[in-house]
Structures are given as structure tokens and as C-alpha cells.
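Architecture and fold: a report
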Amino acid sequence: GVLSRNDSIRYNTVYDMTRDQHGRVWLATYYFRMAEYLPAANKVVTWDKDPYHPYGFDGNDALCVYEDRQHNIWVGTVTKGIYRFNPDHVAARFYSQNDFVPGAQQTGRVSNLFAIDSNTILVGSERGPAFYNRRTNRFTNYKGAAVYSVNKPLEMIQCGISDKSGIVWMGTNRLGMMRYDPLRKTFTCFNRYSNPPLTDDGITEIVE
């Protein structure tokens with residue numbers, strides 16, 4: 001990308017992208033916030049903070065973007081927590097981070113968002129996994145550890161999916177992969193010391 005051109009993506013800092021139900025292309029960029037690519041105009045537009053719009057998007061650096069089943073767009077940021085908005089409306093919902101308030105999202109950069117079911121959103125962050133419950137509007141946080149030999153939550157989550165049986169799989173940037181059973185609430189870890197072992201502990205994407 002070329003910084004001075006208005007049709008440029010402005011550096012190679014796109015961490016995630018998605019195309020929503022309307023065909024709009026959303027980009028999560030590290031230095032240039034949330035952006036939208038306009039294919040017809042071959043142009044990229046970004047959202048700056050509007051001091052006169054308290055319900056606007058204020059996430060400076062975006063790491064992931066996801067569209068849920070209700071067609072809301074979720075954005076994970078480095079220092080601003082999570083934002084949720086619907087392209088048909090003008091307001092964004094902000095989920096702040098606080099390690100001392102029960103039910104709040106734990107602090108840490110959010111690098112993965114994925115809907116496990118119609119009520120639950122997986123939040124993968126550098127501190128570990130969390131699960132957001134829509135009905136109760138609360139987060140269940142698991143503080144991750146940097147370990148290999150035990151089956152417990154890991155830190156530095158960077159990808160995740162839910163398979164057809166409801167099992168949640170999460171990959172980390174250096175500790176391997178986790179399997180989470182929502183019914184038993186148990187974690188099983190796979191890494192270079194597993195039997196059989198993984199070839200690499202850096203998991204950047206998971207598909208079923």
C-alpha cells in the first residue's frame with residue numbers, strides 16, 4: 001500500500017477481513033483502525049473518532065472482524081476491547097475491559113471473535129479465552145497460562161472455531177491448540193509434547 005493514495009490500504013497491516021451479507025468488505029487494520037473496501041470505487045475508507053458522536057467507533061487499532069448470525073459486525077481491538085455495530089444503524093456498542101468487575105471482559109488485545117451458537121461469542125485474547133453470553137450480557141473469562149504439559153486454558157489465542165458437535169477449537173501463536181468442551185467445561189491441549197505431537201506450536205488458522 002501507498003500512504004499518500006486514497007485508494008491504498010496504507011501499509012500491510014490488515015489482520016483480518018470479512019464480507020458481510022450485503023457484500024460490504026470490512027478490514028481490521030492495525031494502524032488505520034476499522035476500514036471498508038469499496039470494490040466499485042476501488043477505494044478504502046476508514047473511521048476516525050468523532051468527538052461529537054459518543055456512540056461511534058473509537059477502536060484505534062483493529063485485529064479481527066466478524067459478522068454474527070444477526071448480521072452485526074464485531075471488532076476486536078488492541079487496547080479498546082470489543083465493538084459491535086450493525087451497518088444499518090449509526091451507533092456502536094462498546095464492551096469495555098476490567099479485571100476487577102465480575103462479568104466484565106478481561107483485559108488484553110482481542111485477536112479472535114467467533115460465534116459458538118446464537119447466544120455465545122468466543123473471545124480469543126492474549127490473556128486467554130473468554131465466552132460472552134448475550135442473554136446475561138456477561139463474560140466468562142479464563143486466564144491462560146504459558147505451559148505445555150497440562151490441560152488448562154492457554155494464553156495468546158489467535159484463532160478459533162466451533163465444530164458441528166459444539167466443540168470449540170482454539171489456536172495459539174506459540175503454545176499449540178486447545179479443545180474446549182462446553183458441556184464438561186474442560187480443556188484439552190495439543191502441542192509438540194502431545195502424543196502424537198504437533199509439528200508446530202504456532203497455529204494461525206483452524207477450519208473444519
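Each remark here, short or long, concerns the structure printed above.
Residues numbered from 1 in each chain as written. Predicted model: local features only at pLDDT ≥ 70, side-chain atom pairs only at ≥ 80, totals over all residues. Heavy atoms only, no water.

1. A few points about the sheet that holds strand S3 (residues 34-38)
How we decide: Only strands joined by at least two bridges in the DSSP assignment are considered to pair. Helix and strand definitions follow DSSP, with helices as H or I runs of at least four residues and strands as E runs of at least two, each counted in order from the N terminus. The axes are straight lines fitted to the C-alpha atoms, using for helices just the contacting stretch, and the angles between their N-to-C directions are given from 0 to 180°.
Taken together, the four strands give an open sheet; going across it, the order is S1-S2-S3-S4, and neighbouring strands pair in antiparallel fashion. Looking at which strands have only one partner, the edges of the open sheet turn out to be strand S1 (14-19) and strand S4 (43-46). On average, adjacent strands in this sheet sit at an angle of 25 degrees to one another, irrespective of strand direction. With four bridges connecting them, strand S2 (residues 25-29) and S3 associate as antiparallel partners. Of the residues in S3, the one forming a bridge with Ala28 is Met34.

2. A look at the environment of Arg33
Operational definition: The classification of residues rests on relative accessible area computed with a 1.4 Å probe and restricted to protein chains. Under 20% of the type maximum is buried, over 50% is exposed, and intermediate values are partly exposed.
Inspection of the secondary structure puts Arg33 in the loop between S2 and S3. We classify Arg33 as buried; its relative accessible area is 16%. In the structure, Arg33 is positioned ten residues away from Gly23 in sequence and 20 Å away in space, judged by C-alpha atoms.

3. Section: unusual backbone geometry
The step from Asn195 to Pro196 runs through a cis peptide bond, and the omega angle for that step is 0 degrees. Relative to the elements of secondary structure, Pro196 occurs in the segment after strand S16 (186-190). Even without being a glycine, Asn137 presents a positive backbone phi close to 60 degrees. With respect to the helices and strands, Asn137 occurs in the loop between strand S11 (128-133) and strand S12 (138-141). Look at Asn137 and you get partly exposed, because its relative accessible area is 37%. Positive phi, normally seen in glycine, also occurs at Lys185, with a value near 55 degrees.

4. Observations regarding the side chain of Thr172
Definition in use: Polar contact criterion, stated in full: a pair of N or O atoms within 3.5 Å, where within protein one must be able to donate a hydrogen and the other to accept it, and residues adjacent in sequence count only if both atoms are side-chain atoms.
Its location among the elements puts Thr172 in strand S14 (residues 168-172). Judged by relative accessible area, which is 0%, Thr172 ranks as buried. A distance of 2.7 Å separates a polar side-chain atom of Thr172 from the backbone nitrogen of Leu175.

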